[in-house]
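Descriptive structure summary
Single-letter residue listing:
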Amino acid sequence: MGRAGAVGRAVDLDRGGRAAADSVADAGARLPGTLAALEAGALHIGHFWTMLERVGCIADDAVRARIERKLLAWAAQRVTTPAQLAAKARRMGLARLDAERLLEALRERGVSVRPDRRDGMAVVESLLTVPEAQAMVAVLGRYADQLDDPDDSRTRGQRMADILLDLVMRPGQHALPPVQAQLTVVVGVRTLAGGDAPGEIGGEPVPAEMVRALARALGLLPDAAAVPAPAPAPAPWDLTGSSPETWPDWLREADQRWEAEMEARALAGVWHGQEDPPPDVQLRWWNEEPPWDEETAWRSAPVDDDMRRAPGRADAPADPRPDANAASSSWKAAHAAVDEAGIALLHLGRAVGSASAAVGRAWLADRQDEEEWRRGPAGRIDGASSDLAALADLSADQRAELASLLDRTAGGTLADRPRIAVADQLTGALLALTDSGELRRRAHCDRPACRRRPACCDHDLSGLPGLGPPPPTDGYRPAAALDRYLRARDHRCRFPGCRRRVPRGGELDHNVTYPDRPTAAENLTGFCTGHHRGRHQAPGWTYDLAPDGTLTVTTPTGLVASTDPPPY
């Protein structure tokens, strides 16, 4: 039994379906590295389904293999869950695929109910977009936090459930004051300018178009119709009526690669691994053969004594059996059936050839669309070597829109002013969290003349302090700037494998107890409530925090796991 077959049996037992085993067999060809990691124990079955869903669907073999290698290398360096692996995949060049998934998911939005395993209970499920779901949960949480009756013994989750019933079943009959949902949106410069890099809403990766749609709905970006339309793209090449000599270089190269791939597949085995030749070879053979004549064929073929007595021959002795004439008719019917089958195969071969040509033309057309997109504004932004290079490629109107957004203050649809995350271009590590005002202040030497005209400052700024984490706080609780920086750096609970959000207003833990070490970025880690309690109450566990934010956790049995702040 092969490797795919052995693993397929295990997966078949895990999911309980023959289709699951077929998926494993297909993954053996499309995701060989994932199958090897699953067999070696580096991944479990949850990781496998994530890889099959997120990476196995990529049609381009080279892109699929590249992303598979990167994801497996990333997963091998840390303890990760299938949800974390899926989030990482969504950040790695799958934005355009996710946009297509989003269109399908929007059509499937809805509300459903299913029975729960606990008697008398049911689960109401609502499939919403990430911004809608995050805002709904945030509003329910704020309503629940306003109910501060000391005699109320309900948990926060129970209060949220009761409030949801009041809002839906008894609208207008409750005395709850209006509240405002707060969502943290993280979006790159390229995404705001029209690129395909995904963003984050409430810590969840979302396609770029969803982030821009949310920003336009909140009035943070101009409506898409108000943005000047790009220059019209050149007319597509007529692949059926034009000569290849008139095609551009990239199209001719794509055509040559496609022909080479088809030739390689043809030479991979005899008749593509089939027992019968291809239809075009069969057609050539049939055309070279003389017309079939039964009597001529029988006379020209060598015969023996048994063949001389075959039914239907004129010179054969008379057959005394009563069914001789019936046997002769059966042979004629058999010959007619063979002729009809040959004609059907001929038509089938021609149809397959036409379909293959149509697939080739569609493949070339897709490559043409991809090339035109790369030459367009969005393609140039995504193809820029850095965010600074992307900024340089923006139009004057786009720069003005971006500056207007960054200069906004809290109020209206914004709970806080927009912040600028300065990240390392190679590692994605957060270096500083600043705003447009601080950038302008740091762009000159602070002399009176330079303060009045910052653009004219040409003094040496190398000796001045640059951007970085906020300074330590004199006290136990971090100041607002430090609190904001740490939540932006950690995103979620830093315990290995946990994806819960760090609660607002707390759960920032001192790695070394204050005041033995100060309240500073290199001594603070974000946890969820449960793991923060376990950090102080579970005996035998050790936590080591490096200056760059890497957290190393050692269990009482000696197992060591490390987590890094998620990259931007």
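Residues numbered from 1 in each chain as written. Predicted model: local features only at pLDDT ≥ 70, side-chain atom pairs only at ≥ 80, totals over all residues. Heavy atoms only, no water.

1. Description of the pairing of strand S11 (residues 551-554)
Note the following rule: When DSSP finds two or more bridges between two strands, those strands count as paired. Runs of E in the DSSP output that reach at least two residues are strands. Runs of H or I that reach at least four are helices, and both are numbered from the N terminus.
Relative to S11, strand S10 (residues 542-545) is paired through four bridges, and the arrangement is antiparallel. Looking at S11, one finds that Asp544 is bridged to Thr552. A loop of five residues connects S10 with S11, the two strands running antiparallel in sequence, and Gly549 in this loop sits at a positive phi of about 95°. Where S11 and strand S12 (residues 560-563) come together, four bridges link them in antiparallel fashion. Counted as the bridge partner of Leu551 is Thr563 from S12. Two successive antiparallel strands, S11 and S12, enclose a turn made up of five residues, where Gly558 displays a positive phi of approximately 100°.

2. Concerning the pattern of salt bridges
Note that side chains of opposite charge can pair when their charged atoms are close. Operational definition: Whenever a carboxyl oxygen of Asp or Glu lies within 4 Å of a side-chain nitrogen of Lys or Arg, that contact is scored as a salt bridge. With a 1.4 Å probe rolled over the protein chains alone, any residue whose accessible area is under 20% of its type maximum counts as buried; one over 50% counts as exposed, and the rest are partly exposed.
Applying the stated criterion to the full structure yields 16 salt bridges. Measuring nitrogen to oxygen at the nearest pair gives 3.2 Å for the salt bridge that ties Glu132 to Arg109. With Glu132 in helix H8 (residues 130-146) and Arg109 in the loop between helix H7 (95-107) and strand S1 (110-115), the pair connects residues that are 23 residues apart, well separated along the chain. On the basis of relative accessibility, which here comes to 35%, the residue Glu132 falls in the partly exposed class. A salt bridge links Arg419 to Asp435; its shortest N-O distance comes to 3.4 Å.

3. Regarding helix H9 (residues 156-169)
Going by this rule: A helix is expected to span 1.5 Å multiplied by its residue count minus one. In what follows, a contact means two residues having at least one pair of non-hydrogen atoms within 4.5 Å.
Between its terminal C-alpha atoms H9 stretches 20 Å, which fits the 20 Å expected from 14 residues at 1.5 Å a residue. Elements that come into contact with the buried residues of H9 comprise H8.

4. Describing helix H23 (residues 529-537)
Test applied: The arc in question is the one traced by the directions running from the helix axis out to the C-beta atoms.
Within H23, burial applies to His531, His532 and Arg535. Looking down the long axis of H23, one finds its buried residues gathered within 105° of arc, a one-sided arrangement. More than 90 degrees from the buried face of H23, the exposed residues found are Arg533 and Gln537. On the buried face of H23, the contacting elements are strand S8 (508-510) and S10.

5. Some words on the sheet that holds S10
Backbone-to-backbone hydrogen bonds pair the strands of a sheet. The strands run either parallel or antiparallel. What counts is decided by this rule: Axes here refer to lines fitted to C-alpha atoms; in helices the fit is confined to the stretch in contact. Angles between the N-to-C directions go from 0 to 180 degrees.
Pairing in this open sheet of three strands is antiparallel, and the strands run S10-S11-S12 from one edge to the other. Here the strands that pair on one side only, and so sit at the sheet edges, are S10 and S12. Sheet twist, expressed as the mean angle between neighbouring strand axes with direction ignored, is 20°.

6. Concerning the packing of aromatic side chains
Stated formally: Each aromatic pair joins two rings of Phe, Tyr and Trp (for Trp, the six-membered one) with centres within 6.5 Å, and gets the label stacked for planes under 30 degrees apart, edge-to-face for over 60, and tilted for any other angle.
One pass over the full model with this rule turns up four aromatic pairs. Ring plane angle 70° and centroid distance 6.2 Å describe the contact between Tyr476 and Tyr514, whose orientation is recorded as edge-to-face. Taken together, the residues Tyr476 in the loop between helix H21 (448-452) and helix H22 (480-490) and Tyr514 in the loop between S8 and strand S9 (524-526) connect sequence positions 38 residues apart. Overall, the relative accessible area of 31% leaves Tyr514 in the partly exposed class.

7. Some words on unusual backbone geometry
Trans is the prevailing form of peptide bonds, just as negative phi is the prevailing case for residues other than glycine. The residue after Tyr514, namely Pro515, is reached through a cis peptide bond having omega 10°. Mapping Pro515 onto the fold places it in the loop between S8 and S9. For His491, which is not glycine, the phi torsion reads 65° and is therefore positive. Here His491 lies in the loop between H22 and S8. Relative accessible area serves as the criterion here: at 13%, His491 is assigned to the buried category.

8. Quick notes on the nonpolar core
Heads up, the condition is: Working definition of a nonpolar core: buried Ala, Val, Leu, Ile, Met, Phe, Trp, Tyr and Cys residues. They are joined through side-chain atoms within 4.5 Å.
Ranked by size, the top nonpolar core spans 18 residues in total, and within it Met51, Val55, Leu71 and Leu85 carry the most contacts. In terms of residue count, the dominant contributor to this core is helix H5 (residues 61-76) (five residues). When residues no more than four places from it in sequence are discounted, the contact partners of Met51 are Leu31, Thr34, Gly56, Glu68, Leu71, Leu72 and Leu85.

9. A look at the confidence of the model for the protein
Applicable threshold: Think of pLDDT as the predictor's per-residue confidence, scored from 0 to 100.
Across the protein, the average pLDDT comes to 76, with 75% of residues at 70 or higher. Between residues 8-17, whose pLDDT stays under 50, and residues either more than four places distant or in other chains, the model counts 15 contacts. Contacts from residues 292-314, a stretch scored under 50 in pLDDT, to residues over four places away or in other chains number 19 contacts.

10. With respect to the environment of Ala193
When you line up the elements, Ala193 lands in the loop between helix H10 (189-192) and strand S4 (199-201). Judged by relative accessible area, which is 15%, Ala193 ranks as buried. Sequence separation between Ala193 and Ala378 is 185 residues; the distance between their C-alpha atoms is 7.7 Å. Setting aside its immediate chain neighbours within four residues, Ala193 contacts Ile381, Leu394 and Gln398.

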